[in-house]
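# Residue-level structural notes
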Amino acid sequence: MKTYRKGRALLSAAACVAAVGLVLTGCTNTGTTSSASTGSATDAAQTAAAVSGPTCSLADYKGDKIDLTQAIVGFSQSEKEDNPFRIAETQSITDEAAKIGVKKFIKTNAQSTLSKQISDINDLISQGAQVLIVAPLNSDGLEPALKAARDKNIPVITIDRKLNATACSDYVSFLGSNFVQQGQRAADQLIAGTKGTAKVAVLLGSSGNGVTTDRTSGFVDEIKAKGPGITIVAQQTGDFARDKGQSVTEQLLQSNPDITAIYAENDEMGLGAQAAIIAAGKTPGKDIQIYSIDGTKNAVSQIVTGAYNGVIESNPRFGPLAFATLKSFLAGDAVGQDIVIQDSQYDSSNAAAKVDSAF
Ligand code: GZL
């Protein structure tokens, strides 16, 4: 297997692998994530940015070499699957487990409840899981489950949200997006789309996870830096849910009738806001512009109609990258502790051509 010498460890080819057909990405130490990739069919799957920074190997983590085709693999999903992001994420992990041909694949769903995610992970361990893939609900609180895995040297790969825990000790690696950059890119889209003048309401995601924190700070800081004519008039959580996004937007439009743009920290809330704008007798995409993050077909198709203005992708298709990382790690090779994926984006210039890449 081709390897790359970087710092103190050999990075196996798989550790730098892009999910798309397992095409290798460079493993040079860029120090930062790559810039946004523009639209192409390969965006449909994830591409890992150049893996840089500290690595983790079995020797570091302790544990046994495992052949995934002989392994029991457990997957702990966090939120209920009524959101296309979660549906696509679970499907990607499930499909890749089948493609690899793992001996047994067990998946659980915590229904957006932290205590259930802890018990789900403990159940997976009691069912003999030798490897765990976890999509954390929150950045804190999973310690009891992580300890149970740690006590048995069961490797844990986290996808999507980042834990406030120690890589290569409490878990092996984080695979996910650069959420601060997503917020910055959404701000850039909004500044451009509103020609630098707008009164903005922010629909925050759920509290307690780094995605909401980072998408907010990335957006607010970019507006401060590059949008002197943009005023943020309100910030309120919609809990990443469409119905709450709609009800919160209805209230905000009543208390701030001069709102001209919405930044929603996921597409589901953005679509809820769109419904509220219509209910208020205004034209979404025109009277009030809408920008959000995820990359669902439901939102991207609205850009095509002109009733939505911009979407930054947060690609949920972790399956190929997660299993490629596990395969490399379980073979004894070093893998990145932070494997940050590149996310695409959609606007009126490319939505029609790229909507099939959405999920
Ligand atoms: C982002 C993920 C977020 C999605 C939402 O990686 O954690 O959670 O953006 C989902 O759609 O609720």
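What counts as what
Residues numbered from 1 in each chain as written. Predicted model: local features only at pLDDT ≥ 70, side-chain atom pairs only at ≥ 80, totals over all residues. Heavy atoms only, no water. UniProt positions renumbered as here; feature names shortened; annotations may be inferred. Helix = DSSP H or I, 4+ residues; strand = E, 2+ residues; numbered from the N terminus. Core = buried A, V, L, I, M, F, W, Y, C linked by side-chain atoms within 4.5 Å. Buried < 20%, exposed > 50% of the residue type's maximum accessible area, 1.4 Å probe, protein only. Domains from an automatic or database assignment. Pairing = 2+ DSSP bridges. Axes fitted to C-alpha atoms, helices over the stretch in contact; angles between N-to-C directions. Near = heavy atom within 4 Å. Polar contact = N/O pair within 3.5 Å; in protein donor to acceptor, adjacent residues only side chain to side chain. Areas by Shrake-Rupley, 256 points an atom, 1.4 Å probe, with all protein chains shown as cover. 1 Å grid on protein atoms, 1.4 Å probe; cavity = no way out; pocket = protein on both sides within 12 Å on 5 of 7 lines; lining within 4 Å. Sits in = over half its atoms within 2 Å of the grid points. Nonpolar A, V, L, I, M, F, W, Y, C, P; charged D, E, K, R; others polar.

In the annotation of an unreviewed UniProt entry, the chain is listed under the name ABC transporter substrate-binding protein and assigned to Subtercola vilae. Under the Subcellular location (unreviewed entry) heading, UniProt states for the chain: "Cell envelope".

Inspection of the secondary structure puts Pro228 in the loop between α6 (210–226) and β11 (230–237). With 31 residues separating them along the chain, Pro228 and Thr197 place their C-alpha atoms 8.1 Å apart.

As a further point, take the nonpolar core. Leu132, Leu142, Leu203 and Ile262 are the most contacted members of the largest nonpolar core, which has 46 residues in total. Listing elements by their share of this core, those giving two or more residues are α3 (114–126), β7 (131–134), α4 (143–151), β10 (198–204), α7 (242–255), β12 (261–264), α8 (267–279) and α9 (297–305). Mapping this core onto the domain boundaries places at least three of its residues in each of domain 1 (3–177 + 315–349) and domain 2 (179–314). Counting residues in hydrophobic clusters, the runner-up holds 29 residues, among them Ala97, Ile133, Leu321 and Leu326.

Take the sheet that holds β12 next. Read from one edge to the other, the open sheet built from six strands follows the order β11-β10-β12-β13-β14-β17, with strand pairing classed as mixed. Each edge of the open sheet is held by one strand with a lone partner, namely β11 and β17 (345–347). On average, adjacent strands in this sheet sit at an angle of 15° to one another, irrespective of strand direction. With four bridges connecting them, β12 and strand β13 (residues 289–294) associate as parallel partners. Following the sheet pairing, Ile262 is matched in β13 by Ile290.

Read across the sheet, seven strands follow the order β3-β16-β9-β8-β7-β5-β6 without closing on themselves; strand pairing throughout is mixed. The sheet is open, and its two edges are formed by β3 (47–48) and β6 (104–109), each paired on a single side. Direction of pairing for strand β8 (residues 156–159) relative to strand β9 (residues 173–176): parallel, over a ladder of three bridges. Along β9, the bridge assignment pairs Thr158 with Phe174.

Turning next to the site of the ligand. The immediate surroundings of the ligand are formed by 13 residues, with Glu79, Asp160, Arg161, Arg215 and Asp294 found nearest. The separation between an oxygen atom of the ligand and a polar side-chain atom of Asp294 is 2.6 Å. Notes on the ligand: free accessible area 320 Å², of which the protein chains cover 99%. Because more than half of its atoms lie within 2 Å of the grid, the ligand is assigned to the largest cavity. Every element with two or more residues in the shell around the ligand is listed here: α2 (84–100) and α6. Looking at side-chain class alone, the shell around the ligand contains four nonpolar, three polar and six charged residues. A domain split of the shell around the ligand shows at least three residues from each of domain 1 (3–177 + 315–349) and domain 2 (179–314).

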